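A closer look at the structure
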Amino acid sequence: MPIDPTLPYDENNIFAKILRGEIPSNRVYEDEWAIAFHDINPQAQIHVLVIPRGAWVSWDDFSARAPAEEIAGFVRAVGTVARDMGLVEPGYRLLANVGQHGGQEVPHLHVHLFGGQPLGRMIA
Ligand code: 5GP
């Protein structure tokens, strides 16, 4: 079920638990601002989720309220993950779902990073 991105942050969402190490994930990157791990149900040969360490519900919440330093740290982390995984030269796609129409299911901001294959045009 898609979430309501206007609700307050839920400390018990699944990505909060992954951040706290309460449930396992296959991490590929971490720094001061973000962690990245493989999606449990990959939609491409490479499908990684990059999430900020901060408690932000969605891209809307983050872009409106996060401090500039945290926004910069997160955006740089997304770029670093893609570079570290060798995705720049072949290319890749970023996606952030927001709310009902976006189909956002986890109420902690996450950017999907897809690659490893030609991805076609935009929305299937
Ligand atoms: P959304 O629809 O919210 O943009 O995407 C949520 C993503 O999180 C989905 O692609 C789903 O497969 C992934 N996901 C949900 N639960 C878990 C989990 O426990 N571990 C991992 N690694 N990915 C998860």
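I will try to describe carefully the structure that is included in this document. (Residues numbered from 1 in each chain as written. Predicted model: local features only at pLDDT ≥ 70, side-chain atom pairs only at ≥ 80, totals over all residues. Heavy atoms only, no water.)

**Here's the deal with the site of the ligand**
For the record, the criterion: Only a single heavy atom is needed: when it lies within 4 Å of a molecule or strand, its residue is near that molecule or strand. Distance and chemistry together define a polar contact, namely a pair of N or O atoms within 3.5 Å, with one atom able to donate a hydrogen and the other to accept it when in protein, and with adjacent residues in sequence counting only for side-chain atoms on both sides. Surface accessibility follows the Shrake-Rupley procedure with a 1.4 Å probe radius. Residue values consider only the protein chains on display as shielding. Working definition: helices are DSSP H or I runs of at least four residues, strands are E runs of at least two. Numbering for both runs from the N terminus. Three classes are used, and their members are as follows: Ala, Val, Leu, Ile, Met, Phe, Trp, Tyr, Cys and Pro are nonpolar, Asp, Glu, Lys and Arg are charged, and the others, Gly among them, are polar.
If you check the shell around the ligand, you find 16 residues, and the closest are D39, N97, E105, H110 and H112. One of the backbone nitrogen or oxygen atoms of V106 is found 3.1 Å away from an oxygen atom of the ligand. When the free accessible area of the ligand is taken as 520 Å², the share hidden by the protein chains comes to 82%. Sorting the residues of the shell around the ligand by element identifies α1 (14–19) and β2 (34–38) as the ones contributing at least two each. With 3 residues, the single largest contributor to the shell around the ligand is α1. Looking at the shell around the ligand, its residues break down into 7 nonpolar, 7 polar and 2 charged.

**Looking at the nonpolar core**
Where we set the bar: Residues belong to a common nonpolar core when they are buried Ala, Val, Leu, Ile, Met, Phe, Trp, Tyr or Cys residues joined through side-chain atoms within 4.5 Å. Relative accessibility thresholds used throughout: buried, under 20% of the residue-type maximum; exposed, over 50%; partly exposed, between the two (1.4 Å probe, protein chains only). Any pair of residues with heavy atoms lying within 4.5 Å of one another is described as a contacting pair.
If you look at the biggest cluster of nonpolar residues, it comprises 18 residues, and the most contacted ones within it are A36, V48, V50, F62, F74, V81 and L113. If you list the elements that add at least two residues to this core, you get β2, β3 (46–52), α3 (68–84) and β5 (111–115). Residue contributions to this core peak at 5 residues, all from α3. Apart from residues no more than four positions distant in its own chain, V81 is found in contact with V28, Y29, A36, V48, V50 and L113. Listed in part, the 8 residues of the second largest apolar core include F15, I18, L19 and I35.

**Let's talk about the sheet that holds β2**
Note the cut-off: One requirement defines pairing of two strands: DSSP has to find at least two bridges between them. Helix axes are fitted only over the stretch in contact, all axes being lines through C-alpha atoms; the angle between N-to-C directions runs from 0 to 180 degrees.
Strand order in this open sheet of 5 strands is β1-β2-β3-β5-β4, and the pairing throughout is antiparallel. Two strands close off the open sheet at either side, each with one partner strand: β1 (27–30) and β4 (92–95). Taken pair by pair, the neighbouring strands of this sheet meet at an average axis angle of 20°, ignoring direction. Note: β3 against β5, 5 bridges, orientation antiparallel.

**Notes on a nonpolar patch on the surface**
The cut-off we apply is this: Here, patches come from residues exposed beyond 30% relative accessible area and free of salt bridges, joined within 9 Å for like charges and within 5 Å for nonpolar side chains (Val, Leu, Ile, Met, Phe, Trp, Tyr). We define a salt bridge as a side-chain nitrogen of Lys or Arg found within 4 Å of a carboxyl oxygen belonging to Asp or Glu.
Together, V88, Y92 and L94 make up a nonpolar patch on the protein surface, roughly 260 Å² of accessible area in all. Among the structural elements, V88 can be located in the loop between α3 and β4. For V88, a relative accessible area of 49% puts it in the partly exposed group.

**A word on the pattern of salt bridges**
Here the structure, examined in full by the defined rule, presents 5 salt bridges. The shortest N-O distance in the salt bridge between R53 and E30 comes to 3.3 Å. Here the residue R53 occupies a position in the loop between β3 and α2 (59–65), and E30 occupies one in strand β1, the gap between them amounting to 23 residues. Among the salt bridges present, the one from R65 reaches D61, with a minimum N-O distance of 2.8 Å. Taken together, the residues R65 and D61, both in helix α2 and 4 residues apart, mark about one turn of the helix.

Such coordinate-based values are descriptive only and should not be taken to indicate function.
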